[in-house]
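# Architecture at a glance
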There are 2 protein chains.
Amino acid sequence: MIVETQFTLIPSLTLDVGETLKDVTVAYQTYGTLNADRMNAILIEHAFTGDAHAAGIDHEGKPGWWANMIGPGKAFDTDRYFVICSNVLGGCRGTTGPSSINPATGQPYGLKFPGITISDMVRLQKALIDALGIPKLLAVAGGSMGGMQVLEWAVAYPEAVEACLPIATTARHSAQQIAFNETGRQAIMADPDFHAGDYYYKTPPARGLSVARMVGHITYMSDESMREKFGRRLRDKKSFGYDFEVDFEVESYLRYRGSQFVGRFDANSYLYITKAMDYFDLSAGFPSLAASLERARSRFLVISFTSDWLYPSYQSQEMVNALRGRNHDVTYCELSSNYGHDAFLVDIGEQTEIVRGFLARCVREFRPLEVLR
Amino acid sequence: MIVETQFTLIPSLTLDVGETLKDVTVAYQTYGTLNADRMNAILIEHAFTGDAHAAGIDHEGKPGWWANMIGPGKAFDTDRYFVICSNVLGGCRGTTGPSSINPATGQPYGLKFPGITISDMVRLQKALIDALGIPKLLAVAGGSMGGMQVLEWAVAYPEAVEACLPIATTARHSAQQIAFNETGRQAIMADPDFHAGDYYYKTPPARGLSVARMVGHITYMSDESMREKFGRRLRDKKSFGYDFEVDFEVESYLRYRGSQFVGRFDANSYLYITKAMDYFDLSAGFPSLAASLERARSRFLVISFTSDWLYPSYQSQEMVNALRGRNHDVTYCELSSNYGHDAFLVDIGEQTEIVRGFLARCVREFRPLEVLR
């Protein structure tokens, strides 16, 4: 099934920084069919460098980033559910972001794009859901930065979400998580081709962006999955080169993933989105994380993975404790996996069973918006 | 006590790659006094970016990198032991390396410096120890890359070392460890000021080197120590800047440490030394790690730290198992610490007690070279 990316225009979006963006484009895809009662819609939230193409295959034959989780008979069963995924605000895959044309200048925004937050991303998604005529989502689900958006939905639009599935995520970045993001930003901004973000129609800061991506890839895998995948195997040679060319398979892999990333991602989006993640703190302005979740009305399924050291299980457990502290309906599963942070994308056996069962219950116990009011 | 760096000239050093370096300068410092029986000498091995200044204070009042472990009454008690530390081959702190003048051209070597290995570093140290007239060392000790050199001493010069103290180290880099090093190398080589290593007397690749160092610093700390030191505290501001300047303390710290590093370390040394670490594999050419340790004649004290995720305890335990498999005299301590890989440098309470006790036994049971022969 070839899916098309669709676009809608949101006339006005006021951001946390106070600025208002006009005519914001949202790129999104949908899979499955919206029921007449409009109670089977699930919003999927993508991670940092993901996009709206979550399932099916595109015109180039490329499967969506969560195609193993979304489709007929899969965890997010498109025979039963109407699944939506949109590219985030600030992205570079169809939704308005720093590479979009600034109507005030006729040039790409670059660093003139306003600062954005996870909350802004979710506000735009709510406008999309409203435009699609969906009063209440059956579920909002996503991993990593997707999970942050899930949490934001739970507190920003509590009555509009039956169930929240934050996966491999956190309610706020730790110093270490900020540190890794900052390293990527510095790598980009250190590239002389960066030109303070004004590199469109010129040479992009490819070397800096590539280094940033290399750091990212290390954090997405685990020590063990890297050992299994690469070990100390040499790449196309029998002995060391002593010349700073590729010796080891793992070097070749990282260089390849780094250079490949440059073709599909915008360096300014990298800066804006990582800052949005670092700024995100669900508990900001509240005496505690539990207090910030006071407003939530959803059921929760929280999932983490044993070998995920970038978003370690203790961060999910903090959320779970906070939710339980406010007597929310919460199920928590720490799944065993060697795949590190990538587990939510690739190690989907148990995850599929758990999500499927949880969603079935949410369908049975769905509380329409009118009931809540 | 102000210590002076001393220099000695080794006329010729043949490297693993087959080349021979002439007139190799070795920078070293010594602390304490060599006994008449010459049986109280301890060689300290520095880590990646360390140098010969391990103890005491220099002319600028700067203490040595292990001054808390080496000195009168300390773990390496200079009232009892004659302690030596030399800058490694390939370094940039006095010992011959890529920033040294290539006698063939009258210019700095740059990338014309031959590829080096941990084994080459140790071969040069053996020449220094011979030049100092020490037939057998009481101990060789070091953390991180220092520990690799300790292991290399154990198998390269088994009769010349009474005791080996490899700390927070590994017998071979994992894919993840290689990956972090490769990211640093790519950051340096991506800097347009790198000019294929030929940047001396010009602008050094400061931005790339700084990014490389930022990645390094994250790996030296633990998630927990970063949380304790920085948390999500903002730096000199009350709210987010949305301008890609420093928001968080941890960003400020990393930028500072990155930029500071540029003033004291040479980018080419970064490349050569990280490659030497990645190439190091004590078991190379042997059927097993245990087999490679067959030749060793030393006693071993192996130390690792619970929160060290860069050189995790399982790597020390592999060594310990291999040593026990060959019936070596080995003591292993996994010390509890929140400081991550930095623990061997900063969390020295228990480490001091253990090292002190171990060294005292090694003195009592010292087997002079003649006895072994």
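As the structure is a computational prediction, the values presented were derived from the model and not from experiment. (Residues numbered from 1 in each chain as written. Chains lettered and ligands numbered in written order. Predicted model: local features only at pLDDT ≥ 70, side-chain atom pairs only at ≥ 80, totals over all residues. Heavy atoms only, no water.)

Residue and element names in this part refer to chain A. For strand β1 (residues 6-14) and strand β2 (residues 20-31), the ladder comprises eight bridges, and the chain directions are antiparallel. Residue Gln 6 lies in a different strand from β2, and its bridge partner there is Tyr 28. Between the end of β1 and the start of β2, which pair antiparallel, lie five residues, with Gly 18 showing a positive phi angle near 105°. (Pairing = 2+ DSSP bridges. Helix = DSSP H or I, 4+ residues; strand = E, 2+ residues; numbered from the N terminus.)

Mapped onto this structure's residue numbering, the UniProt feature "domain: AB hydrolase-1" (unreviewed entry) falls at residues 41-346 of chain A. Summarising residues 41-346 of chain A: 37% helix, 15% strand, and an end-to-end C-alpha distance of 24 Å. (UniProt positions renumbered as here; feature names shortened; annotations may be inferred.)

Residues and elements named next belong to chain A. Along its sequence, chain A is carved into domain 1 (6-173 + 281-372) and domain 2 (177-276). Each of domain 1 and domain 2 was reduced to a C-alpha centroid, and the two centroids are 26 Å apart. Contacts between the two partners involve 37 residues from domain 1, matched on the other side by 30 residues from domain 2. Across the domain 1 to domain 2 interface the summed buried area is about 2700 Å²; carbon plus sulfur atoms make up 63%. (Domains from an automatic or database assignment. Contact = heavy atoms within 4.5 Å. Buried area = accessible area lost by both parts, 1.4 Å probe.)

For the rest of this paragraph, the subject is the packing of aromatic side chains. All names here are of chain A. Scanning the entire structure with this criterion turns up 41 aromatic pairs over all chains. A ring pair is formed by Tyr 109 and Phe 113, whose centres lie 4.9 Å apart and whose planes are at 80°; its orientation type is edge-to-face. Each of the two residues, Tyr 109 as well as Phe 113, counts as buried. Ring geometry for Phe 230 versus Tyr 253: centroids 4.9 Å apart, planes at 50°, classification tilted. Taken together, the residues span a long stretch of sequence, with Phe 230 in the loop between α5 (223-229) and α6 (249-262) and Tyr 253 in helix α6 at a distance of 23 residues. Site record: aromatic cluster; members linked through ring pairs are Phe 48, Phe 261, Phe 265 and Tyr 270. One cation-aromatic arrangement involves Lys 136 over Phe 366; the distance from NZ or CZ to the ring centre is 5.2 Å. (Phe/Tyr/Trp six-rings, centres within 6.5 Å; stacked < 30°, edge-to-face > 60°. Buried < 20%, exposed > 50% of the residue type's maximum accessible area, 1.4 Å probe, protein only. Lys NZ or Arg CZ within 6 Å of the ring centre and 35° of its normal.)

With an axial shift of 0.0 Å and an RMSD of 0.0 Å, the rotation relating chain A to chain B amounts to 180°. These values place the two chain copies in the arrangement generated by a two-fold rotation axis. Counting the interface residues of chain A, we find that 100% of their copies in chain B are interface residues as well, pointing to one common contact surface. (Least-squares fit on C-alpha atoms with pLDDT ≥ 70 in both.)

Before going further, it helps to spend a moment on the environment of A:Gly325. For A:Gly325, the location among the structural elements is in helix α9 (residues 313-325). For the pair A:Gly325 and A:Asn35, spaced 290 residues apart in the sequence, the C-alpha separation amounts to 35 Å.

This part is about empty space enclosed by the protein. Enumeration over the complete set of coordinates arrives at three cavities of 30 Å³ or more. Put simply, the largest cavity is a space of about 110 Å³. Along its surface, the largest cavity is lined by 14 residues, and A:Ala187, A:Ala190, B:Ala187, B:Ala190 and B:Asp191 are the ones closest to its centre. Mapped onto the lining of the largest cavity, the elements with two or more residues apiece are α3 (175-190) and α4 (206-220) of chain A together with α4 (206-220) of chain B. (1 Å grid on protein atoms, 1.4 Å probe; cavity = no way out; pocket = protein on both sides within 12 Å on 5 of 7 lines; lining within 4 Å. Points joined across faces, edges and corners; volume = space filled by probe spheres on them.)

With that settled, consider the sheet that holds strand β11 (residues 299-305) of chain B. Residue and element names in this part refer to chain B. The strand order across the open sheet formed by eight strands is β1-β2-β6-β3-β9-β10-β11-β12, and the pairing between neighbours is mixed. Looking along the sheet, the strands with just one partner apiece sit at the ends: β1 (6-14) and β12 (330-335). Averaged over all pairs of adjacent strands, the angle between strand axes in this sheet comes to 20°, irrespective of strand direction. Lying over the sheet, helix α2 (residues 145-156) contacts β3 (41-45), β9 (137-143), β10 (161-167) and β11, oriented at roughly 145° with respect to β9. (Axes fitted to C-alpha atoms, helices over the stretch in contact; angles between N-to-C directions.)

Between its first and last C-alpha atoms helix α11 (residues 349-364) of chain B spans 24 Å; for 16 residues at 1.5 Å apiece the expected length is 22 Å, and the two agree. Within the sequence span of α11(B), burial applies to B:Gln351, B:Thr352, B:Val355, B:Phe358, B:Leu359, B:Ala360 and B:Cys362. (Expected span 1.5 Å × (residues − 1).)

Overall, the coordinates contain 60 salt bridges over all chains when judged by the stated rule. Of the charged contacts in the structure, one is a salt bridge between A:Glu159 and A:Arg297, with a shortest N-O distance of 3.9 Å. Of this pair, A:Glu159 sits in the loop between α2 (145-156) and β10 (161-167) while A:Arg297 sits in the loop between α8 (289-292) and β11 (299-305); the two residues are 138 residues apart in sequence, bridging distant segments of the chain. Between B:Asp191 and B:Arg207 there is a salt bridge, with the nearest N and O atoms lying 3.6 Å from each other. Of this pair, B:Asp191 sits in the loop between α3 (175-189) and α4 while B:Arg207 sits in helix α4, placing them 16 residues apart in sequence. Residue B:Arg207 is classed as partly exposed on the basis of its relative accessible area, which comes to 34%. Several salt bridges converge on common partners, so that one network encompasses A:Glu182, A:Arg185, A:Lys275, A:Asp278, B:Lys237, B:Asp247, B:Glu251 and B:Arg255. (Salt bridge = Lys/Arg side-chain N within 4 Å of Asp/Glu carboxyl O.)

Residues and elements named next belong to chain A. Feature annotation in UniProt assigns "active site" (unreviewed entry) to the following positions: Ser 144, Asp 308 and His 341. The greatest C-alpha distance among the residues just named is 10.6 Å, despite their covering 198 residues of sequence, which places them together in space. Mapped onto the fold, Asp 308 is located in the loop between β11 and α9. Residue Asp 308 is classed as buried on the basis of its relative accessible area of 2%. Setting aside residues up to four positions removed in sequence, Asp 308 forms contacts with Ala 168, Ser 313, Gly 340 and His 341. Only 3.1 Å separates the side chain of Asp 308 from the backbone nitrogen of Leu 310, close enough to count as a polar contact. Along the chain, His 341 turns up in the loop between β12 (330-335) and α10 (343-346). His 341 gets classed as buried once you look at its relative accessible area, which sits at 3%. (Polar contact = N/O pair within 3.5 Å; in protein donor to acceptor, adjacent residues only side chain to side chain.)

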